[in-house]
Amino acid sequence: MAAPKSCALWSYCGRGWSRAMRGCQLLGLRSSWPGAPLSARLLSQEKRATETHFGFETVPEEEKGGKGDIAFRFLNYVQSQHQSKQKRQLRAQQNLSWEEIAKKYQNEEDFLGGSRVVVCDINKEMLKVGKQKALAQGYRAGLAWVLGDAEELPFDDDKFDIYTIAFGIRNVTHIDQALQEAHRVLKPGGRFLCLEFSQVNNPLISRLYDLYSFQVIPVLGEVIAGDWKSYQYLVESIRRFPSQEEFKEMIEDAGFHKVTYESLTSGIVAIHSGFKL
């Protein structure tokens, strides 16, 4: 969650892609706590005087703030699928010699089958970290890094097949605007996926989770990172985020259809899904 903080937008078969995964992997943001995701807000003059929530506090919008982890997993998946398809095709051609098979592999330049991933974040430093991480892990093809705001994505309409955002949308200043932008840049039939902290649905676990969140996490942040405030914000931002049903309605209001969610670990986190039809 250290979760991904960038928005990843991607498209299959080389057709383009967007921002959202604390990485979208679609968006813009400021890193407010270690590993913080996409929190989007371009500092335009007319918006600097307005305020928004920062945890339980009210702060100027410009003070609210991807390393691409999910983008890397997506590339691994696409490459694996492409290689499996290639192997099936070769097995179907039993009359090929070993030399012809080897030549076919050697001539294969695009191991992603034309798929591309765009990582978008408002924070230049997070993009820099993501690029360095990508190079260190050997990811050189199929990735693009774009500086942008989740509420005002620098992409054309109907651009991407998938828009993902993980542990980042709760840091976006105007969640409704970010959802509308996600809908705009997706192609018809495109899918929106969001992984985010949510509302615990078990009373006992909820009490234990609150105790851990407010009494333990900030202390650990102070002891390990010397930063109580950032980890206090992390806890507060999670509590302010809409419940699963409320967020589902927000996604539907943005224009998405067939919206569903799956709660994980008794609702500590949830995966939300919707389609642009």
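In the block above lies the structure referred to throughout.
In what follows, the accompanying structure is described.

Cut-offs used in this document
- Residues numbered from 1 in each chain as written.
- Predicted model: local features only at pLDDT ≥ 70, side-chain atom pairs only at ≥ 80, totals over all residues.
- Heavy atoms only, no water.
- Core = buried A, V, L, I, M, F, W, Y, C linked by side-chain atoms within 4.5 Å.
- Buried < 20%, exposed > 50% of the residue type's maximum accessible area, 1.4 Å probe, protein only.
- Helix = DSSP H or I, 4+ residues; strand = E, 2+ residues; numbered from the N terminus.
- Phe/Tyr/Trp six-rings, centres within 6.5 Å; stacked < 30°, edge-to-face > 60°.
- Salt bridge = Lys/Arg side-chain N within 4 Å of Asp/Glu carboxyl O.
- Contact = heavy atoms within 4.5 Å.
- Patch = residues over 30% accessible without salt bridge, like charges linked within 9 Å, V, L, I, M, F, W, Y side chains within 5 Å.
- Areas by Shrake-Rupley, 256 points an atom, 1.4 Å probe, with all protein chains shown as cover.
- Lys, Arg positive; Asp, Glu negative; His and termini not counted.
- Charge placed at Lys NZ, Arg CZ, Asp CG, Glu CD.
- Axes fitted to C-alpha atoms, helices over the stretch in contact; angles between N-to-C directions.
- Parallel < 35°, antiparallel > 145°, perpendicular 65-115°, else oblique.
- Left-handed = near helix turned anticlockwise from the far one by under 90°.
- Nonpolar A, V, L, I, M, F, W, Y, C, P; charged D, E, K, R; others polar.
- Expected span 1.5 Å × (residues − 1).

What follows deals with the nonpolar core. Counting residues in each nonpolar core, the largest one holds 24 residues, and the members touching the most others are Tyr-163, Ile-169, Leu-179, Phe-192, Phe-247 and Phe-256. For this core, the leading source of residues is helix α4 (residues 175–185), giving 5 residues. By size, the runner-up hydrophobic cluster in this structure holds 14 residues, among which are Leu-112, Val-117, Val-119 and Leu-127.

Here the structure, examined in full by the defined rule, presents 6 aromatic pairs. On the basis of an interplanar angle of 50° and a centroid distance of 4.8 Å, the ring pair of Phe-167 and Phe-197 is categorised as tilted. Taken together, the residues Phe-167 in the loop between β6 (160–166) and α4 and Phe-197 in strand β7 (residues 186–197) connect sequence positions 30 residues apart. The exposure class assigned to Phe-167 is buried, which follows from its relative accessible area of 2%.

What follows is about the pattern of salt bridges. Under the defined criterion, the tally for this structure stands at 7 salt bridges. Here Asp-157 ties to Arg-184 by a salt bridge, and the two come within 2.7 Å at their closest N and O atoms. One end of the pair, Asp-157, is in the loop between β5 (143–147) and β6; the other, Arg-184, is in helix α4, and 27 residues separate them in sequence. The class for Asp-157 is partly exposed, based on a relative accessible area of 49%. In this structure Arg-184 comes out as partly exposed when scored by relative accessible area, which is 22%. As a salt-bridge pair, Arg-170 and Glu-196 come within 2.7 Å of each other at their nearest N and O atoms. Pair noted here: Arg-170 is in the loop between β6 and α4 and Glu-196 is in strand β7, with a separation of 26 residues, a long-range link. Each member of the pair, Arg-170 as well as Glu-196, carries the same accessibility label: buried. Salt bridges sharing partners connect three or more residues here, namely Asp-157, Glu-181 and Arg-184.

Inspection of α4 places Ile-175, Ala-178, Leu-179, Glu-181, Ala-182, His-183 and Val-185 among the buried residues, and these make up the whole buried set. Buried residues in α4 make contact with β6, β7 and α7 (244–253).

Tracing the backbone through its elements, the reader meets Gly-113 in the loop between α2 (98–106) and β4 (116–121). Spatially, the C-alpha atom of Gly-113 lies 9.9 Å from that of Lys-85, the residues being 28 residues apart in sequence.

Once that is clear, we can look at a negative patch on the surface. A grouping of Glu-245, Glu-246, Glu-249 and Asp-253 is seen on the molecular surface, where their side chains present a negatively charged patch. In this structure, Glu-249 sits in helix α7. Classification of Glu-249 as partly exposed rests on a relative accessible area of 47%.

The subject of this paragraph is the packing of α4 against α7. At their nearest, the axes of α4 and α7 sit 9 Å apart, and the two run at 50° to each other. Classified by the angle between their axes, α4 and α7 sit oblique to one another. When the axes of α4 and α7 are compared, the crossing they make is right-handed. Note on element contacts: α7 touches α4 through Phe-247, Met-250 and Ile-251, opposite Ile-175, Asp-176 and Leu-179. Tallied by class, residues from the contact of α4 with α7 come to 5 nonpolar, no polar and 1 charged.

What follows concerns helix α6 (residues 228–240). Its 13 residues give α6 an end-to-end C-alpha distance of 19 Å, which sits within 8% of 18 Å, the value for a rise of 1.5 Å per residue. For α6, every residue scored as buried is listed here: Ser-230, Tyr-231, Gln-232, Tyr-233, Leu-234, Val-235, Glu-236, Ser-237 and Ile-238.

Moving on to the packing of helix α5 (residues 203–225) against α6. Interhelical geometry of α5 versus α6 gives an angle of 155° and a closest axis separation of 7 Å. Relative to α6, the element α5 is oriented roughly antiparallel. Once α5 is placed against α6, the crossing between them reads as right-handed. Within the contact between the two elements, α5 uses Tyr-209, Asp-210, Ser-213, Phe-214, Ile-217, Pro-218, Val-219, Gly-221, Glu-222 and Ala-225 and α6 uses Trp-228, Tyr-231, Gln-232, Val-235, Glu-236, Ile-238 and Arg-239. Partitioned by chemical class, the residues of the contact of α5 with α6 number 10 nonpolar, 3 polar and 4 charged.

So yeah, pure geometry; function would need other evidence.
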